[in-house]
Amino acid sequence: MTTVLIADDQPLQRMGVRMLLEGTAGLTPVGEAAHGAEAVRMAAELRPDVVLMDIRMPGMDGIEATRRIVASGGRTRVLIVTTFDLDEYAYEGLRAGAGGFLLKDARPEELVAGIHAVATGDAVVAPRLTRRLLDAYTHRVLAPADTAPAEDPRLRSLTDREREVLVAIGQGWTNAEIAQRLVLTESTVKKHVGRVLAKIGARDRIQAVITAYDTGLVSAKS
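So, how was this worked out
Residues numbered from 1 in each chain as written. Predicted model: local features only at pLDDT ≥ 70, side-chain atom pairs only at ≥ 80, totals over all residues. Heavy atoms only, no water. Core = buried A, V, L, I, M, F, W, Y, C linked by side-chain atoms within 4.5 Å. Buried < 20%, exposed > 50% of the residue type's maximum accessible area, 1.4 Å probe, protein only. Helix = DSSP H or I, 4+ residues; strand = E, 2+ residues; numbered from the N terminus. Contact = heavy atoms within 4.5 Å. Axes fitted to C-alpha atoms, helices over the stretch in contact; angles between N-to-C directions. Parallel < 35°, antiparallel > 145°, perpendicular 65-115°, else oblique. Nonpolar A, V, L, I, M, F, W, Y, C, P; charged D, E, K, R; others polar. Pairing = 2+ DSSP bridges. Phe/Tyr/Trp six-rings, centres within 6.5 Å; stacked < 30°, edge-to-face > 60°. Lys NZ or Arg CZ within 6 Å of the ring centre and 35° of its normal. Salt bridge = Lys/Arg side-chain N within 4 Å of Asp/Glu carboxyl O. Patch = residues over 30% accessible without salt bridge, like charges linked within 9 Å, V, L, I, M, F, W, Y side chains within 5 Å. Areas by Shrake-Rupley, 256 points an atom, 1.4 Å probe, with all protein chains shown as cover. Expected span 1.5 Å × (residues − 1). Arc of directions from axis to C-beta. Right-handed = clockwise from strand over helix to strand, strands pointing away.

Draft legend 1. Main features of the nonpolar core. Val51, Met53 and Leu166 are the most contacted members of the largest nonpolar core, which has 47 residues in total. Looking at which element gives the most residues to this core, the answer is helix H10 (residues 205-214), with six residues. With near-sequence residues (within four places) excluded, Leu166 lies in contact with Leu155, Leu158, Val196, Ile200, Ala208, Ala212 and Leu217. Listed in part, the 16 residues of the second largest apolar core include Val4, Leu27, Ile115 and Ala117.

Below, the structure is given as C-alpha cells:
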C-alpha cells in the first residue's frame, strides 16, 4: 500500500485528488496540507511514501517544502504537480530533490502511474517532456557553464561510453533513442544508465539531467 500526502492550497483540488486516491486500489491518502510549512510538518509526522506537492502556496512554497522534506533524509518522495505553461518554478522543484513532476491537467491514470513510479524511486517526467522543460527554462535557472566537464569530480569516474550516455540523457533521449544512436542494445543502455546514476550520485534520471547541465556536459543550446 502506497501512502500519499496531498499538499495544495486549493480545497477543491485536494478533494478531487483525495477522491481519486480513495477509489484506487493500492493508494491511501493519509493527510492534506494547505501550505508548505504544514506539508513539511505532516511529512515528518506521517512519513508518507509520496507527497503530491503544489508549488504556489501561501507562506513557504512547494519548492522550499520539497527541499526540506528531501533534506530530512526520510523515505518520503515528492512528486510536483503544477501547470507547466504558467509555472516557471517546476525545474527548481526538481533541483530541490523532487522525483519528478506532472501537469495539473494530467489524466487520472497518469497521476496514479506517476505516484507509483515516484514511490518506487523512478522519475516521472518523460524524456521528451524533460526536453521541453529544459529548452524553455535552462537559460533562466542555470548560470553559464565556464568549467570544462573533465574538471568536475562527478564526471571523473565515467568511462567515455558512460559520458556519452550521460550526454544523451541530458539531451532528453529515451533508452531506445540512445541504443539506436550509439548502436547498442537497450539492455546494454539500461546497464550504462544504472552505472552512470550510481557514479554521479543521482537518485534518478531527472537528477542525471540536472548534473549534465550543471557540469557543462550539456548546454541549453545542445
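Anyway, onward from the coordinates.
Draft legend 2. Seen up close, the packing of helix H7 (residues 160-170) against helix H9 (residues 186-200). Packing of H7 against H9 brings their axes to within 9 Å, and their N-to-C directions diverge by 90 degrees. On the basis of the axis angle, H7 is roughly perpendicular to H9. Residue-level contacts link Arg161, Glu162, Val165, Leu166 and Ile169 of H7 to His192, Val193, Arg195, Val196, Lys199 and Ile200 of H9. Across the contact of H7 with H9, the residue classes break down as six nonpolar, one polar and four charged.

Draft legend 3. Structural view of the sheet that holds strand S1 (residues 2-7). Judged by pairing direction, the sheet is parallel, and its five strands sit side by side in the order S2-S1-S3-S4-S5 without closing on themselves. Looking at strand neighbours, the two that pair on one side only are strand S2 (27-33) and strand S5 (100-103), the edges of this open sheet. Within this sheet the neighbouring strands show an average axis-to-axis angle of 25 degrees, counted without direction. Where S1 meets strand S3 (residues 50-53), four bridges bridge the pair, whose relative direction is parallel. Opposite Ala7, over in S3, you have Met53 as the bridge partner. The strands that helix H2 (residues 36-46) touches are S1, S2 and S3; relative to S2, the one it contacts most, it runs at about 135 degrees. Each of S3 and strand S4 (77-82) is contacted by helix H3 (residues 62-71), which is oriented at about 165 degrees to S3, the strand it contacts most.

Draft legend 4. The arrangement of the packing of aromatic side chains in detail. Scanning the entire structure with this criterion turns up zero aromatic pairs. Against the face of Trp173 rests Arg181, its NZ or CZ located 4.1 Å from the ring centre.

Draft legend 5. Quick peek at the pattern of salt bridges. Taken as a whole and judged by the stated rule, the model has 16 salt bridges. For the salt bridge of Lys104 with Asp8, the shortest nitrogen-to-oxygen distance reads 3.2 Å. A residue pair is termed long-range when its members are at least 10 positions apart, and Lys104 in the loop between S5 and helix H5 (108-119) and Asp8 in the loop between S1 and helix H1 (11-22) qualify at 96 residues. Here Glu32 ties to Arg14 by a salt bridge, and the two come within 3.1 Å at their closest N and O atoms. Here Glu32, found in strand S2, pairs with Arg14, found in helix H1; they are 18 residues apart in sequence, far enough to count as distant.

Draft legend 6. Layout of a nonpolar patch on the surface. On the surface, a cluster of nonpolar side chains totalling about 330 Å² of accessible area is made up of Leu12, Met15 and Met19. Mapped onto the secondary structure, Met15 falls in helix H1.

Draft legend 7. Region of interest: H1. The terminal C-alpha atoms of H1, which comprises 12 residues, lie 16 Å apart, in line with the 16 Å expected from a rise of 1.5 Å per residue. Of the residues making up H1, those classed as buried are Arg14, Val17 and Leu21. The arc enclosing the buried residues of H1, seen along the axis, measures out at 70 degrees, which places them on a common side. In H1, the exposed residues that point more than 90 degrees away from the buried face are Pro11, Leu12, Met19 and Glu22. Of the surrounding elements, those touching the buried residues of H1 are S1, S2, S3 and H5.

Draft legend 8. Representation of the pairing of S2. Note: S1 against S2, six bridges, orientation parallel. The residue bridging Thr2 from the neighbouring strand is Leu27, located in S2. Crossover connection from S1 via H1 to parallel S2: handedness right-handed.

Shape is all these values report; function is a separate question.
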